[in-house]
Amino acid sequence: MNYRLKKGANEATKTLNRGTSEIIVLAADTAPLVGNLNGSFFGVELIDDQAILLHLPLLCEDKNVPYIYVPSKTALGRACGVSRAVISASKENTYPSPEHMRHLNMHE
């Protein structure tokens, strides 16, 4: 088994940018977080799950990485082996891509 499963939108974004992602899985049932009436909590604007995921399909298409939507973030979390809901996951190849190797060689 030469892959790792990265959970969460930030981790998925990192694997795409590094060129190590083989596929991205996104939960289709993401919903806004609940805040007070003006949309902020202690002066901090809340960001809904869907906004966190909006960039991932575009980044996948830019990097030629396939992506798929699954119906449930709860089921995606269970499939990832955690008890929490997961809004996105990335199957990361442990062997670096040629693009990533070129990037590493440039910094030597």
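Everything below is about the structure shown above.
The structure contained in this document is the topic of the report that follows. Please read these numbers as outputs of a predicted model, since none were measured by experiment. (Residues numbered from 1 in each chain as written. Predicted model: local features only at pLDDT ≥ 70, side-chain atom pairs only at ≥ 80, totals over all residues. Heavy atoms only, no water.)

Considerations on the sheet that holds strand 2 (residues 21-27)
Then, in step 1: Reading across the sheet, the 4 strands line up as 1-6-2-5 and stay open at both edges, with mixed pairing between neighbours. Each end of this open sheet is capped by a strand with a single partner; those strands are strand 1 (3-7) and strand 5 (67-70). The average angle at which neighbouring strand axes cross in this sheet is 20 degrees, direction not considered.
Then, in step 2: Two elements, strand 1 and strand 6 (residues 88-93), share 5 bridges in a ladder whose sense is antiparallel. By the bridge assignment, Leu-5 is partnered in strand 6 with Lys-91.
Then, in step 3: Where helix 1 (residues 9-18) meets the sheet, it contacts strand 1, strand 2 and strand 6, and its direction lies at approximately 35 degrees from that of strand 6.
Then, in step 4: Against the sheet, helix 3 (residues 55-63) engages strand 2, strand 5 and strand 6, with an angle of about 150 degrees to strand 5. (Pairing = 2+ DSSP bridges. Helix = DSSP H or I, 4+ residues; strand = E, 2+ residues; numbered from the N terminus. Axes fitted to C-alpha atoms, helices over the stretch in contact; angles between N-to-C directions. Contact = heavy atoms within 4.5 Å.)

Here we look at the pairing of strand 6
Then, in step 1: Here 5 bridges tie strand 2 to strand 6, and the two strands are oriented antiparallel to one another. Its bridge partner being in strand 6, Ile-23 is matched across the sheet by Lys-91.

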